[in-house]
Amino acid sequence: MSAPPEHRDPTPHAPSEQTPATPSRYPLDRVVFAVSAAAVAVFLAVALLFTERFADVTGGVLSWLTTNFGWAFVLGATGFVGFSFWLMLSRHGKIRLGRDDERPEFSTVSWFAMMFSAGMGIGLLFYGVSEPISHLSTVPEANIQPLTPEAERYSMVYSLFHWALHPWSIYAVVGLALAYAWYRKGRTGGFSAPFAPLLRGRTGPAKVIDVLAIFATLFGTATSLGLGAAQINGGLDAVFGVPITATTQVLIVVVLTACFTLSAFSGIQRGIKWLSNTNMVLSVVLLLFLFVVGPTVFILNLAPTATGNYLTQLPRISFRTGAYGGTEWLTGWTIFYWAWWMSWAPFVGSFLARISRGRTIRQFVLGVVAAPSVIAVLWFSVLGGTALHAQMIEGLDLAGITAQESQFFALLDSLPLSAVSSLLVMVMIVIYFVTSADSASLVMSSLSSQGADEPNRLVTVVWALLIGATAAILLWVGGATGDDSSITALQNIAIIVAAPFLVVMVALCVALAKDLRSDPASPPAGFLRDTTPTGRGATAATAAAPSDGAARTAQDPGRD
């Protein structure tokens, strides 16, 4: 995910507003920082010292969660889709995320460009080829034979299902709640700021919420870093013959952790932004390369067909649980994805909030959900379509490669300029690794510093080291316990940590709805009515939306 440019307050403050002298620098919340950092350190120590027992316990907890609460993840994720669309279409849709007279700081084109960068990451590089191929050989639907045209159709349906509307609706809910609390209501604080209508000034629950948000961000980021390390290992194996082992992947994490920790300590914002923008360009280059040298006509046919199949099947698969079997597949794919997206929500939501100030709720939801979903369709149509065509038509047995991290590089090896394209992909993964971890450490430092835009660098370094340690140790645990993939332990922990955060997100929706009902800019009744305040109503609405939240200048939330 890329960082937004430096932000400035686009409109002057009203004379009557009270603005903190240093709005972007709040003191460290010692309780939140100490509790969350200590808990993570103890967790990692237990994982390192009691590897076998740790794997058994986490496996048992995961099995219990998915058996008894898998339905909650399914309903929760689908509920967030419905809630985000309700926000877009409801009478609250014209409320601005800021003062009533405020307009977006970024043009629509720039905003969509940043949305594009937010939609890219290690996950799409890892799963762009491996997920459609996996669903092709292990079909999600019953009574469909693998490696058949029908299996091919569902492989794209489920890939888009996991990467389009659902994840971005999860991000939209969190980003909207944060933007509304910060820029409309003028609240200070971190992730707990939107919960003010429910907490009523109680600080204890707010600290618990901030700690849970830090946990979710840390383990969600560590999972992405584990995927990145595994795929870098796959690229090194394809190009230089370096064996794919958990030890190699741990070493990769250690080296790259040193890089992003140095970045976090030095605060090289411009360098991180330059790397992020460079990676966005490289992503476009990769797409165009595969589109041109791959099965171009097939890709052009696949994109609209896959989109139609996805939208047609969406109502049914959105409510699919393990009631009639398939729990193991659901745990490994759908439930893992929903948990992973929820764990990334504080990070991505913060980014989206800070680049969307001044937009209406309707504009925000439409842009955040629609733009990245289109990117997902294009990405999987090109990468997944090229892989499926190679498997089904050209006879390249990608499905027979058990290491998912090697499938993409095997596909590239069958195309022209394979050495160059493989190196390009590895460079992209390294850049995403460094920028994502650097940004996540800054976000966690902000969350443990009452939402400060410029938290203490030493605190940021602590979180950077803990992110790297979490990824490395859980990769090692996955390899040491004989799992089929070293990333299994990371995936398991991501689901376990996201379980309590699902409850937090549901409460977030309740708090946001309660806030919106009391907003003076919301009409008392009607559907898609003109809510532009006039006359005395305009004065009341403007007065009710103080911009001391504007004092929280939308500075770089994380330089990913």
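Up top is the structure.
Residues numbered from 1 in each chain as written. Predicted model: local features only at pLDDT ≥ 70, side-chain atom pairs only at ≥ 80, totals over all residues. Heavy atoms only, no water.

(A) A look at the overall build of the chain. Each helix and strand counted, the chain has 18 helices and zero strands in total. When each of the 560 residues of the chain is scored for burial, the buried share is 60%. Contacts in the chain between residues far apart in sequence, at least 24 positions, make up 84% of those at least 6 positions apart. In the form shown here, the chain has an accessible surface area of approximately 20800 Å², with 66% of it arising from carbon and sulfur atoms. (Helix = DSSP H or I, 4+ residues; strand = E, 2+ residues; numbered from the N terminus. Buried < 20%, exposed > 50% of the residue type's maximum accessible area, 1.4 Å probe, protein only. Contact = heavy atoms within 4.5 Å. Areas by Shrake-Rupley, 256 points an atom, 1.4 Å probe, with all protein chains shown as cover.)

(B) Molecular detail of a nonpolar patch on the surface. Side chains of Val42, Val46, Leu48, Leu49, Phe50 and Trp476 sit close together on the surface and give an oily, nonpolar patch of about 590 Å² of accessible area. Per-element accounting of the nonpolar patch gives the leading share, four residues, to helix α1 (residues 30–49). In this structure, Leu48 sits in helix α1. Judged by relative accessible area, which is 44%, Leu48 ranks as partly exposed. (Patch = residues over 30% accessible without salt bridge, like charges linked within 9 Å, V, L, I, M, F, W, Y side chains within 5 Å. Salt bridge = Lys/Arg side-chain N within 4 Å of Asp/Glu carboxyl O.)

(C) Quick look at the nonpolar core. Counting residues in each nonpolar core, the largest one holds 175 residues, and the members touching the most others are Phe191 and Met342. Considering every element that reaches this core, the biggest residue donor is helix α12 (residues 327–355), with 19 residues. Dropping the residues within four chain positions of it, Met342 is found in contact with Phe73, Ala77, Phe80, Ile170, Phe501, Leu502 and Met505. (Core = buried A, V, L, I, M, F, W, Y, C linked by side-chain atoms within 4.5 Å.)

(D) Spotlight on helix α8 (residues 203–240). For α8, with 38 residues, the first-to-last C-alpha span of 54 Å sits near the 56 Å given by 1.5 Å per residue. Most of α8 sits out of view: 27 of its 38 residues are buried. Phi for Gly241, located one or two positions after α8, is positive at around 75 degrees. (Expected span 1.5 Å × (residues − 1).)

(E) Representation of helix α14 (residues 404–413) within the structure. Most of α14 sits inside the fold, with seven of its 10 residues counted as buried. All buried positions along α14 are accounted for by Glu405, Ser406, Gln407, Phe408, Phe409, Leu411 and Leu412.

(F) Structural context of a positive patch on the surface. On the surface, Arg200, Arg202, Lys514 and Arg517 cluster together into a positively charged patch. Here Arg517 is to be found in helix α17 (residues 488–517). Classification of Arg517 by relative accessible area gives exposed; the value is 56%. (Lys, Arg positive; Asp, Glu negative; His and termini not counted. Charge placed at Lys NZ, Arg CZ, Asp CG, Glu CD.)

(G) Examining the pattern of salt bridges more closely. Enumeration over the complete set of coordinates arrives at eight salt bridges. The shortest N-O distance in the salt bridge between Asp100 and Arg184 comes to 2.6 Å. Note that Asp100 is positioned in the loop between α2 (51–89) and α3 (108–119) and Arg184 in helix α6 (residues 165–184), a separation of 84 residues in sequence. In this structure Asp100 comes out as buried when scored by relative accessible area, which is 17%. The class of Arg184 is buried, set by a relative accessible area of 1%. Here Arg187 ties to Asp515 by a salt bridge, and the two come within 2.9 Å at their closest N and O atoms. Linking Arg187 in the loop between α6 and α7 (196–199) with Asp515 in helix α17, this pair joins segments that are 328 residues apart in sequence. With respect to class, Arg187 is no different from Asp515; both count as buried. Among the charged side chains, a salt-bridge network with shared partners connects Asp100, Arg184 and Asp519.

(H) Summary view of unusual backbone geometry. One non-glycine residue, Leu417, lies in positive phi territory at about 55 degrees. The exposure class of Leu417 is exposed, given its relative accessible area of 59%. A positive phi is found at Gln450, a non-glycine position, where the angle reads about 60 degrees.

(I) Quick look at the packing of α2 against α12. It is at 9 Å that the axes of α2 and α12 come closest, and there the two elements cross at 60 degrees. As the angle between them shows, α2 and α12 are arranged oblique. Crossing angle aside, the handedness with which α2 passes α12 is left-handed. Side by side, α2 and α12 meet where Leu62, Thr66, Gly70, Phe73, Val74, Ala77 and Phe80 of the first sit next to Thr331, Ile335, Trp338, Ala339 and Met342 of the second. The residue makeup of the contact of α2 with α12, split by class, is nine nonpolar, three polar and no charged. (Axes fitted to C-alpha atoms, helices over the stretch in contact; angles between N-to-C directions. Parallel < 35°, antiparallel > 145°, perpendicular 65-115°, else oblique. Left-handed = near helix turned anticlockwise from the far one by under 90°. Nonpolar A, V, L, I, M, F, W, Y, C, P; charged D, E, K, R; others polar.)

(J) Representation of the packing of helix α4 (residues 122–137) against helix α5 (residues 149–163). The interhelical angle for the contact between α4 and α5, taken along N-to-C directions, is 145 degrees, at an axis separation of 7 Å. As for how α4 packs across α5, the hand of that crossing is right-handed. Counting all contacts with α4, which are made through Gly123, Leu124, Tyr127, Glu131, Pro132, His135 and Leu136, the residues of α5 involved are Ala151, Glu152, Ser155, Tyr158, Ser159, His162 and Trp163. Within the contact of α4 with α5, the residues separate by chemical class into seven nonpolar, five polar and two charged.

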